[in-house]
Amino acid sequence: MTTTARLTLIAAALSAALAAQAASPAPPALPPELPPFGADQPLPAPRIVRQRLPNGLEVWVVPRAGLPRVDALLVVREAGLSADGAPRAGFATLLAGLLTEGTARRDARTLAQDVQALGGTLNASAGADGITIDAQALASQAEPLLKLLAEVAREPAFADGEVKLAKANALEALKAASATPGFRAEGAMAQAIYGRHAYAVSQATEAAITATTPAVLRTAHAQRFRPDRSLLVIAGRIDAAQALKLAQASFGDWQATGEALPVPPAAPRSATPVRLLLDRPGSVQATVRLGRPGIPATDPDYLPLRVTSGVLGEGFSSRVNLKLREDKGYTYGASARSRHALHGGSIVAGADVRNEVTGAALQEFDAEFRRIGREPVPRQELRETQRYMTGSFVVRNQVQSALAYTLAGNWLLGLPPSFVADYVQQVNRVTAAQVQAMGSKYFAPETLSIVVVGDPAAVAGQLKAWGTFQTVAK
Amino acid sequence: MRNLHALLAFWLLPLAAVAADTWTLPVTTTTLPNGLTLVVSEDHSSPTVGISVVYKVGMRREPQGRTGFAHLFEHLMFQGTPKAPKGVFDRVVTAGGGDNNGSTRADFTNYIERAPVSALESFLWLEADRMKTLDFNPATLKNQQDVVKEEIRVNVKNSPYGGFMWIDIGTLAFDKWANKHDGYGSFEDLEGASLADVRAFHRDYYGPNNAVLSIAGDVTPARALALVKKYFAAIPRRATPALADFGEPLGQTERRLTQGDPLAEVPAIAAAWKMPARGSADHAPMVVLGEVLTGGNASVFYQGLVKGRELSSNLESLWGLTGPWEYDGPTLFTVFAMYKPGGSADALLAAMDEDLATLRKNGVDAATLQRVKTRMKADWYNGLESFLGRADMLARLQALWGDAGVVNRVPDWIDAVTADELKRVAGIYLTPANRAVIDRRPAPLAAPAAPPAPPAPAAPAAASAAKP
């Protein structure tokens, strides 16, 4: 960034800070007639039966009485997008998608029909750190469900015809996604945040899709799918002994066959901020994103930062949404939040706003980011955010698949199994001083990259106060 | 024939749906003297609740010249009352450990919350408070007109396809204004909405007698009723305008439209057929047929279009803006698919017609029908798993069918459908004559009306092509 731009930025920041001080609104007073909240109920701690099979596979069983369904979730660590490398960008998504397009024993159509007959679903998807295969079936079908899941994970066919079709459709999907401003903004922001780290590349490219072959897929599958890097979660109307028996029967003799891939290094925790304007001619909104590197979930700052995110930018009552939507009417929704992965994390904020208020929206984000680092969050606001986070956690995990995903997601992030049981207490322990420290540490505007997708003719002038933007053609 | 099919299916799939796989929900329904109907489904497996308040008004009943008003009004329900000014509602829901939302559909508008049960009483107070009256305030009206316009920009005007598979397709398929107009609304109509409109809409459609309140989760029916009486019983009933006749006949001639889309990169079609009336003899068979055709990767159209002929890269289907059981007037079964290079709308339609002709001739084999039904019942349960989804579905069913108990009958209705019925409804509804089709193709951006003359030598595209 040039000196001129930096000076401009500071000037803008000063005026924003003054504006924010003048405009910090007091929260609305509660009506005297409103009945108070009742006493909090004790938290239902999920009963998790854990076992490690001799081949290294972790098996967690969560018996539940609920709807007549069993969920089985296999998560494979270091098998996701970060294992791809730039020349194979997005490859893990193709790999995951093709797992459910036929096995050594059933072709794609038979597989789809068999899943349907179980009253079930079967999906595989890739994230930054892993591939998740998610299978569900009616409660009476637990045994065939586990067999099917093991088959998909261990013996995918990667048949020529299916690979060819998946590639053709992936190219179409990429073309369709590239037409949306959010997709372009996310891709550019990931690069700005992660630089040369593997997390920078999360979206497929035409070249990477085209280069995929059945042989490449088979090699990657052999390298990535390993019992000692996997967790199987079984949840639902099933008893633990029966579930463990089924897990042993389906996965007990699973062995890795390829060379394990190296684990990616830690992602950077800081980056030189960039200013990008992604040209989208005729766009009637500016898709605004602000971001910077963050931290992995295993960092001691994790929960204090999550709470800070909650105050600032998660949910209807968060500061940026109240300001940009409810006060100013600039947007349908604004957010600012931390995201976390196994080897790093990020901070991403944003809103889609009408062209005329692009600069004004940046001003409001800037003001809120400065305020959270400058002033301790009022006690009541902190308390309400903590209640929101802990309440939502209990509400979300009422749902069986959500609980299974919570457990699997935490494991994928490297968090200990006790994390779920301790979550509420840990969130409630975060102090206003910590939130302020997290605010200045992770939301300082000087450290944030800005990506705008929009029509330069309509928004470029408003961006001048925020640095020198490089325009990127479509 | 019926019994034979069922028996055959049983032997073909000895593991399929057994007693352990059925699920019956407790449903307790009470109507207060002021007309408010309460539905409770008790479940103590989690110390949380889901709450849904469904008002029997949606896009179909908004006034002419006020397109988008039912939805704008939904936003205003969160903008404060004389007792709980703007900001209180969201703050209380957040502090209660929960979240809230609302949505507007053709025949109803729902307001939903979920939270730990400790927040139940506070939330009921909030719902009762905004049922009584609102803070009819020009500042919040202006604010939400702006927010709704941004919602329309983000979902329609700035988005590839612009929701044509649910907005434009209805305009093409239907004849009556109530059914065919854009429920998101024109900016002109939204800007024209006045506080008088807001007052009248609240008075006419948001009384207790036009509402269903449903609670699912960690509460007994007795406690729920006591709380609801405490906060809602004193709200007087209000006169609600009579329902107009929204009915219209099936299509007589195929309707086709081609649209250019400057934002899209991949061409797509929406093909939509007018559906049978809710609760008619053809309803359940048509729902099952929809699943046979588009329900997942084993479905006929997925296997015929995405696989098989490889004409489209995806396949989605919609039942209006809701689901197959939640409508109360003319609605559409719509197939949305992006088609591939070298493909065309005609090729996709011909392929669908070919598959439909086969189905009308041969029907669906017993094993397929059994599989489809098994998954449909499982999906029905899945939708009811979360306390919020359960409360909301119960409220919708009570509002639309007049009986929340439908929740436990849908699985039986699915089970009772025969292969012959599928052939019959395919012949009545899924015909070209009863179809509306929009072919949406990427198109160049129209030249701006008054282009700001760029400096001639800038060549911005070439100069800025490099990524960092």
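Residues numbered from 1 in each chain as written. Chains lettered and ligands numbered in written order. Predicted model: local features only at pLDDT ≥ 70, side-chain atom pairs only at ≥ 80, totals over all residues.

**Student:** Got a sec to walk through the overall build of chain A? Specific residues and values, please.
**Tutor:** Summing up its helical and strand segments, chain A has 17 helices and 12 strands in all. The globule rule puts the C-alpha radius of gyration for 474 residues at 23 Å, and the 24 Å found for chain A is close to it. With respect to the three principal axes, the spread of C-alpha positions in chain A is 65 × 55 × 35 Å. Going through the 474 residues of chain A one by one, you find that 57% of them count as buried. Put simply, 81% of the contacts in chain A that link residues at least 6 apart link residues at least 24 apart. (Helix = DSSP H or I, 4+ residues; strand = E, 2+ residues; numbered from the N terminus. Rg over C-alpha atoms; globule rule 2.2 N^0.38 Å. Buried ≥ 20, exposed ≤ 12 C-beta atoms within 10 Å, placed from the backbone. Contact = placed C-beta atoms within 7 Å.)

**Student:** Outline the overall build of chain B, supporting the account with residue identities and numerical values.
**Tutor:** A tally of regular secondary structure across chain B gives 18 helices and 11 strands. Counting only C-alpha atoms and orienting by the principal axes, one finds that chain B spans roughly 75 × 60 × 50 Å. Scored against the burial criterion, the 468 residues of chain B give a buried share of 53%. By sequence separation, contacts in chain B at least 24 residues apart represent 83% of the contacts at least 6 residues apart.

**Student:** Pulling in residues and values, what's your account of the sheet that holds strand β1 (residues 28–31) of chain B?
**Tutor:** Residue and element names in this part refer to chain B. Taking strand neighbours across the sheet as the criterion, the 6 strands line up as β1-β2-β6-β3-β5-β4 in an open arrangement whose pairing is mixed. The open sheet has two edge strands, β1 and β4 (99–104), and neither has a second partner. In this sheet, neighbouring strand axes are inclined to one another by 15° on average, regardless of whether the strands run parallel or antiparallel. Where β1 and strand β2 (residues 37–42) come together, 4 bridges link them in antiparallel fashion. (Pairing = 2+ DSSP bridges. Axes fitted to C-alpha atoms, helices over the stretch in contact; angles between N-to-C directions.)

**Student:** Summarise the pairing of strand β8 (residues 268–274) of chain B; cite the residues concerned and give the values.
**Tutor:** Residues and elements named next belong to chain B. With 6 of 7 residues buried, β8 is to be regarded as a mostly interior element. Bridging between β8 and strand β11 (residues 435–442) involves 6 bridges; their strand directions are antiparallel. Across the sheet, residue Ala272 finds its bridge partner in β11, namely Ala436.

**Student:** Before we move on, can you summarise the domain arrangement of chain A with the specific residues and values?
**Tutor:** Residues and elements named next belong to chain A. Per the domain assignment, the segments of chain A are domain 1 (3–22 + 266–472) and domain 2 (56–251). Spacing between the C-alpha centres of domain 1 and domain 2 amounts to 30 Å. On the domain 2 side, the residues contacting the 30 residues of domain 1 number 29 residues. Listed by contribution, the elements that provide at least two residues to the side of domain 1 that touches domain 2 are β7 (275–279), β8 (285–293), β10 (345–354), α14 (400–412) and β11 (449–454). (Domains from an automatic or database assignment.)

**Student:** Just give me the short version of the interface of chain B and chain A, but keep the residues and values in it.
**Tutor:** For an interface, size is often stated in terms of accessible area lost upon the parts coming together. At the interface, 79 residues of chain B touch 73 residues of chain A. Elements supplying a minimum of two residues to the side of chain B that touches chain A: α3 (88–95), β5 (109–116), α4 (120–132), α5 (138–157), α14 (366–383) and α18 (460–463) of chain B. Of the residues contributing to the side of chain B that touches chain A, the split by class is 37 nonpolar, 21 polar and 21 charged. (Nonpolar A, V, L, I, M, F, W, Y, C, P; charged D, E, K, R; others polar.)

**Student:** Could you give me a rundown of unusual backbone geometry, with the residues and numbers involved?
**Tutor:** Unusually for a residue other than glycine, Phe158 of chain A sits at a positive phi of about 45°. A positive phi angle is found at Glu310 of chain B, which is not glycine, with a value near 55°. Inspection of the secondary structure assignment puts Glu310 of chain B in the loop between α12 (300–306) and β9 (316–319). A residue is classified by how many C-beta atoms lie within 10 Å of it, and Glu310 of chain B, with 16 of them, is partly exposed.

**Student:** I'd love a proper account of α5 of chain B, names of residues and values included.
**Tutor:** Those residues of α5 of chain B not exposed but buried are Thr140, Asn143, Gln144, Asp146, Val147, Val148, Lys149, Glu150, Glu151, Ile152, Arg153 and Val154 of chain B. The secondary structure elements touched by the buried residues of α5 of chain B are β8, α11 (319–327), β9 (331–340) and β10 of chain A together with α2 (69–76) and α8 (187–192) of chain B.

**Student:** Tell me about the domain arrangement of chain B, and please be specific about residues and values.
**Tutor:** Residues and elements named next belong to chain B. Each assigned domain of chain B is listed with its residue range as follows: domain 1 (28–232) and domain 2 (246–442). Each of domain 1 and domain 2 has a C-alpha centre, and these two points are 27 Å apart. Taken together, the contact between domain 1 and domain 2 spans 43 residues of the former and 39 residues of the latter. Class assignment for the residues of the side of domain 1 that touches domain 2 results in 22 nonpolar, 12 polar and 9 charged.

**Student:** Before we move on, could you go through the packing of helix α10 (residues 302–313) of chain A against helix α13 (residues 379–396) of chain A and cite the residues and values that matter?
**Tutor:** Residue and element names in this part refer to chain A. Contact geometry for α10 and α13: axes closest at 9 Å, N-to-C directions at 105°. Considered as vectors, α10 and α13 are oriented roughly perpendicular to each other. In contact with Val307, Gly310 and Val311 of α10, α13 contributes Glu381, Leu382, Thr385, Gln386, Tyr388 and Met389. Residue composition of the contact of α10 with α13, by class: 5 nonpolar, 3 polar and 1 charged. (Parallel < 35°, antiparallel > 145°, perpendicular 65-115°, else oblique.)

**Student:** Which residues make up the sheet that holds β9 of chain A, and what are the values?
**Tutor:** Spatially, 6 strands are ordered β9-β10-β8-β11-β7-β12 (chain A) in an open sheet, and the strand pairing comes out mixed. One side of each edge strand has no neighbouring strand; the edge strands of this open sheet are β9 and β12 (470–472) of chain A. Direction aside, neighbouring strands of the sheet carry axes that sit 15° apart on average. For β8 of chain A and β10 of chain A, the ladder comprises 9 bridges, and the chain directions are antiparallel. Opposite Gln285 of chain A, over in β10 of chain A, you have Arg354 of chain A as the bridge partner. Against the sheet, α5 of chain B contacts β8, β9 and β10 of chain A, and its axis sits at roughly 65° relative to β9 of chain A.

**Student:** For the pairing of strand β10 (residues 332–338) of chain B, give the residues involved together with the corresponding values.
**Tutor:** Each regular strand shows side chains that alternate between the opposite faces of the sheet. Residues and elements named next belong to chain B. Counted residue by residue, β10 has 7 buried out of 7 residues, so it is predominantly covered. Of the two faces of β10, the one lined by Leu332, Thr334, Phe336 and Met338 and the one lined by Phe333, Val335 and Ala337 are each fully buried. Two strands pair when backbone bridges link them, and β8 and β10 are joined in this way by 7 bridges, in the antiparallel orientation. Looking at β10, one finds that Lys274 is bridged to Leu332. Two strands pair when backbone bridges link them, and β9 and β10 are joined in this way by 4 bridges, in the antiparallel orientation. From the neighbouring strand, Leu318 faces β10, where its bridge partner is Thr334.

**Student:** Describe helix α16 (residues 406–416) of chain B, with residues and values.
**Tutor:** Here α16 of chain B has its buried residues at Val407, Pro411 and Ile414 of chain B. Looking down the long axis of α16 of chain B, one finds its buried residues gathered within 70° of arc, a one-sided arrangement. (Arc of directions from axis to C-beta.)

**Student:** Residues and numbers for the environment of Trp166 of chain B, please.
**Tutor:** Summarising the element assignment, Trp166 of chain B is placed in the loop between α5 and α6 (168–173). In this structure, the C-alpha to C-alpha distance between Trp166 of chain B and Ala272 of chain B, residues 106 residues apart in sequence, is 9.5 Å.

**Student:** Tell me about the environment of Phe387 of chain B, residues and numbers included.
**Tutor:** For Phe387 of chain B, the position within the fold is in helix α15 (residues 387–401). For the pair Phe387 of chain B and Thr240 of chain B, spaced 147 residues apart in sequence, the C-alpha to C-alpha distance is 30 Å. Leaving out residues up to four positions away in the same chain, Phe387 of chain B has contacts with Gln398 of chain A together with Asp43, Thr48, Val49, Gly50, Arg114, Ala216 and Gly217 of chain B.

**Student:** Before we move on, could you go through the confidence of the model for chain A and cite the residues and values that matter?
**Tutor:** Mean pLDDT over chain A works out to 93, with 95% of the residues at or above the 70 mark. Taken as a whole, residues 1–23 of chain A scores under 50 in pLDDT and shows 26 contacts with residues more than four places along the chain or in a different chain. (pLDDT = per-residue confidence, 0-100.)

**Student:** Outline the packing of helix α4 (residues 142–154) of chain A against helix α9 (residues 240–251) of chain A, supporting the account with residue identities and numerical values.
**Tutor:** All names here are of chain A. The contact between α4 and α9 brings their axes to 9 Å, and the two run at 35°. Here α4 and α9 pass one another in a crossing that is right-handed. Two secondary-structure elements touch here, α4 through Ala142, Glu143, Leu146, Lys147, Leu149 and Ala150 and α9 through Leu246, Ala247, Ser250 and Phe251. The class makeup of the residues in the contact of α4 with α9 is 7 nonpolar, 1 polar and 2 charged. (Left-handed = near helix turned anticlockwise from the far one by under 90°.)

**Student:** Can you tell me about the environment of Asn434 of chain B, naming the residues and giving the values?
**Tutor:** Residue and element names in this part refer to chain B. Tracing the chain through its elements places Asn434 in the loop between α17 (419–429) and β11. A residue is classified by how many C-beta atoms lie within 10 Å of it, and Asn434, with 20 of them, is buried. Separated by 161 residues in sequence, Asn434 and Trp273 place their C-alpha atoms 5.6 Å apart. Here Asn434 is in contact with Leu250, Gly251, Trp273, Lys274 and Tyr429, once residues within four sequence places are set aside.

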